[in-house]
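# Survey of secondary and tertiary structure
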Amino acid sequence: MDPSLLIGILLAFGGLYAMISLEGAHVSALLLPAPMVLVFGATIAIGIAGGTLSDAAGALRALPRAFRGLGGSTKDLIDKVVHYAEIARMQGLLALESAVADEKDPFLRQALQNIADGTDADDLRVLMEDQVATTASQRRTAARFYSTLGGYAPTVGIVGTVVSLTHVLEKLDQPDTLGPLIAAAFVATLWGLLSANFIWLPIGSRLQRLAEIEVDRMTLLTEGMLAVQSGSPPHLVEERLRALAPESVAKGGKRKEKSPQRADERA
């Protein structure tokens with residue numbers, strides 16, 4: 001789990017709370033139900049209106065992933081593919097079928113099944129690349145939904161402020177109430193800016209970044225499983241994947257040999 005989004009949002013609101021406290025104000029002055037209902041409700045409604053219901057549903061399903069992050073690591077994936085390369089090298093491609101049931105990654109599990117079934121290399125590449133493209137499109141749609149909310153929210157906040165100021169103008173004959181009413185009117189603009197920059201835009205950016213990492217990993221798995229299918233030696237598969245991986249992973253050191261016999265076979 002990578003809690004960077006949660007940490008960042010909490011720190012942002014913590015900074016806001018510190019500013020409010022240092023100025024001697026009260027948080028309750030900002031927690032006004034009317035502007036918050038307008039800003040959050042109308043922003044989400046407009047976001048749904050700007051796309052399809054399936055887009056909104058997909059964005060909702062993607063929200064936990066934004067806070068949770070991606071499981072596993074690129075290094076673990078490399079080690080797993082190298083392990084499959086060792087099995088294929090020693091026992092043949094058909095032996096990979098026994099690993100299908102234990103593989104939790106659906107993308108990798110499908111690749112193992114296709115290899116065990118004898119799928120042609122060109123067909124396997126097309127299948128895996130199509131899956132990568134489909135996943136990338138789905139992830140981008142979810143990220144774009146939240147980024148779009150971040151664009152709508154400030155404008156919705158301004159609408160709320162204009163509505164409140166219209167109400168203020170009706171109270172000009174009550175000058176004692178004008179100060180609090182005007183202050184309350186600008187809370188809508190504040191929540192529009194806060195929700196955009198503290199919530200919606202960070203979630204959109206986070207999902208976009210996670211999508212990039214996921215697509216990179218799937219691309220790496222594609223090249224790795226094609227190398228396994230072609231019968232490449234495990235150490236060459238490992239070197240190939242480390243060359244495709246980020247620099248921090250590539251410098252993580254090579255995988256240790258499990259036995260002297262396997263090392264001899266690689267040589």
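Described in the following lines is the structure provided in the data block. (Residues numbered from 1 in each chain as written. Predicted model: local features only at pLDDT ≥ 70, side-chain atom pairs only at ≥ 80, totals over all residues. Heavy atoms only, no water.)

### Re the packing of aromatic side chains
For any pair of aromatic rings, the description consists of the separation of the ring centres together with the inter-plane angle of the planes. Inspection of the entire model under this criterion finds five aromatic pairs. Aromatic side chains F13 and F198 sit 5.2 Å apart centroid to centroid with 90 degrees between the ring planes, which places their arrangement in the edge-to-face category. Highlighted residues: F13 in helix α1 (residues 4-22) and F198 in helix α8 (residues 175-229), separated in sequence by 185 residues. Using a relative accessible area of 25% as the deciding quantity, one classes F13 as partly exposed. Arranged with centres 6.3 Å apart and planes meeting at 20 degrees, the rings of Y146 and W200 form a pair that is stacked. Residue Y146 is found in helix α7 (residues 121-169), and its partner W200 is found in helix α8; the two are separated by 54 residues along the sequence. Since its relative accessible area comes to 5%, Y146 is described here as buried. Looking at W200, the relative accessible area reads 9%, which means it is buried. Among the aromatic side chains, those forming a connected cluster through ring pairs are F40, F145, Y146, W191 and W200. (Phe/Tyr/Trp six-rings, centres within 6.5 Å; stacked < 30°, edge-to-face > 60°. Helix = DSSP H or I, 4+ residues; strand = E, 2+ residues; numbered from the N terminus. Buried < 20%, exposed > 50% of the residue type's maximum accessible area, 1.4 Å probe, protein only.)

### What about a nonpolar patch on the surface?
Judged by side-chain polarity, Y17, V27 and L31 come together as a nonpolar surface patch covering roughly 280 Å² of accessible area. Summarising the element assignment, Y17 is placed in helix α1. For Y17, a relative accessible area of 51% corresponds to the exposed category. (Patch = residues over 30% accessible without salt bridge, like charges linked within 9 Å, V, L, I, M, F, W, Y side chains within 5 Å. Areas by Shrake-Rupley, 256 points an atom, 1.4 Å probe, with all protein chains shown as cover. Salt bridge = Lys/Arg side-chain N within 4 Å of Asp/Glu carboxyl O.)

### Thoughts on the packing of helix α6 (residues 106-116) against α7
Between α6 and α7, whose axes approach to 11 Å, the crossing angle comes to 165 degrees. It follows from the interaxial angle that α6 and α7 lie roughly antiparallel. Crossing of α6 over α7 shows right-handed handedness. Only L124, L127, M128, Q131 and V132 of α7 make contact with α6, whose side of the interface consists of F107, A111, N114 and I115. In terms of residue class, the contact of α6 with α7 is built from seven nonpolar, two polar and no charged. (Axes fitted to C-alpha atoms, helices over the stretch in contact; angles between N-to-C directions. Parallel < 35°, antiparallel > 145°, perpendicular 65-115°, else oblique. Left-handed = near helix turned anticlockwise from the far one by under 90°. Contact = heavy atoms within 4.5 Å. Nonpolar A, V, L, I, M, F, W, Y, C, P; charged D, E, K, R; others polar.)

### Some words on α1
For α1, which comprises 19 residues, the first-to-last C-alpha distance of 27 Å matches the rise-based estimate of 27 Å (1.5 Å per residue) to within 8%. All buried positions along α1 are accounted for by L5, I9, L16 and I20. Looking down the long axis of α1, one finds its buried residues gathered within 45 degrees of arc, a one-sided arrangement. For α1, exposure combined with an orientation more than 90 degrees from the buried face picks out L10, L11 and L22. Positive backbone phi, approximately 75 degrees, marks G24, located one or two places after α1. (Expected span 1.5 Å × (residues − 1). Arc of directions from axis to C-beta.)

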